[in-house]
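# What the coordinates show
Each chain, written out:
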Amino acid sequence: MSNLSSNRNIVLASLPSQLTALLAGERDFIANLSNTAGLLKQLCDYWWVGFYLVKDDELVLGPFQGPVACTRIGYGKGVCGTSWAGNKTMVVPDVHEFPGHIACNAESASEVVVPILKDGEVSMVMDIDSRVKDDFSSEEVAVLEEVARILQDHLYA
Ligand code: SME
């Protein structure tokens, strides 16, 4: 089901082209992750948007927008570590129902995590939290996966 406001639907349609324009001409890794998080937070008003980067055997917090968050997540742990281990998008309509969910912030209610690959291996995950339960429709998740692909292609071109 979808709880999208019509405003968010309009914004989502423009997100891929806005991100492409934002990244154009900039090669700096941190700058591009930071501005991608900023764009998603600003346009979609998510509660938390950010990146966890694969470093050795764990994920380490990267650029983000929102409340302070856990800094390290193990392989296969929580929603992010599960996305990493399975190389798959995770959509969690109710985080309290997800076994092993890592609650960085008590207000998060639903979550989407999309893996980003370098040379065929997960190099980071993009994590998005909402304070609204069941807040991500399949159409919205498809746009977020497109955002992750645009970013991935730009970062590792
Ligand atoms: N909930 C995530 C942890 C990261 S925070 O949501 C920012 C998880 O279970 O992996």
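Residues numbered from 1 in each chain as written. Predicted model: local features only at pLDDT ≥ 70, side-chain atom pairs only at ≥ 80, totals over all residues. Heavy atoms only, no water.

### So, the site of the ligand
In the vicinity of the ligand lie 13 residues, with Val 79, Cys 80, Ile 102, Glu 111 and Asp 129 positioned nearest. Within the backbone of Ile 102, an N or O atom sits 2.8 Å from a nitrogen atom of the ligand. A distance of 3.3 Å separates an oxygen atom of the ligand from a polar atom in the side chain of Asp 127. Considered on its own, the ligand offers 300 Å² of accessible surface; in the complex 98% of this is hidden by protein. In terms of residue count, helix H3 (residues 78-86) provides more of the shell around the ligand than any other element does, three residues in total. Residues that form the shell around the ligand fall into these classes: eight nonpolar, two polar and three charged. (Near = heavy atom within 4 Å. Polar contact = N/O pair within 3.5 Å; in protein donor to acceptor, adjacent residues only side chain to side chain. Areas by Shrake-Rupley, 256 points an atom, 1.4 Å probe, with all protein chains shown as cover. Helix = DSSP H or I, 4+ residues; strand = E, 2+ residues; numbered from the N terminus. Nonpolar A, V, L, I, M, F, W, Y, C, P; charged D, E, K, R; others polar.)

### Overview of the pattern of salt bridges
If you walk through the whole model with that rule in mind, you get five salt bridges. Residue Asp 94 pairs with Lys 133 through a salt bridge whose shortest N-O separation is 3.6 Å. Note that Asp 94 is positioned in the loop between strand S4 (90-92) and strand S5 (110-118) and Lys 133 in the loop between strand S6 (121-130) and helix H4 (138-155), a separation of 39 residues in sequence. For Arg 131, the salt bridge is made with Glu 107, and the minimal N-O distance between the two is 3.2 Å. Residue Arg 131 is located in the loop between S6 and H4, and its partner Glu 107 is located in the loop between S4 and S5; the two are separated by 24 residues in the primary sequence. (Salt bridge = Lys/Arg side-chain N within 4 Å of Asp/Glu carboxyl O.)

### Some thoughts on the pairing of S6
Of all ten residues that make up S6, nine are buried, and the element is covered over most of its length. Here strand S1 (residues 48-55) runs beside S6; their pairing, made up of six bridges, is antiparallel. Within the sheet, the bridge partner assigned to Gly 50 lies in S6 and is Asp 127. Relative to S6, S5 runs antiparallel, the two sharing nine bridges. The residue bridging Val 114 from the neighbouring strand is Met 126, located in S6. Following S5, the chain reverses through two residues before pairing antiparallel with S6; Asp 119 in that reversal takes a positive phi of roughly 50°. (Buried < 20%, exposed > 50% of the residue type's maximum accessible area, 1.4 Å probe, protein only. Pairing = 2+ DSSP bridges.)

### Observations concerning the packing of aromatic side chains
Taken as a whole and judged by the stated rule, the model has five aromatic pairs. Seen in terms of ring centroids, Phe 29 and Tyr 156 are 6.4 Å apart; in terms of plane orientation they differ by 45°. Their pairing is tilted. Here Tyr 156 lies in the segment after H4 and Phe 29 lies in helix H2 (residues 29-44), a separation of 127 residues in the sequence. Judged by relative accessible area, which is 30%, Phe 29 ranks as partly exposed. Exposure remark for Tyr 156: the relative accessible area of 26% places this residue in the partly exposed category. Ring centres of Tyr 75 and Trp 84 lie 4.7 Å apart, and the angle between their planes is 85°; on these two criteria the pair is classed as edge-to-face. Three or more aromatic residues link up through ring pairs in this structure, and these residues are Trp 48, Tyr 52 and Phe 64. (Phe/Tyr/Trp six-rings, centres within 6.5 Å; stacked < 30°, edge-to-face > 60°.)

### Looking at the pairing of S5
For S5, the buried fraction is high: seven of the nine residues fall into the buried class. In terms of strand pairing, S4 meets S5 through three bridges, oriented antiparallel. Counted as the bridge partner of Val 91 is Val 112 from S5.

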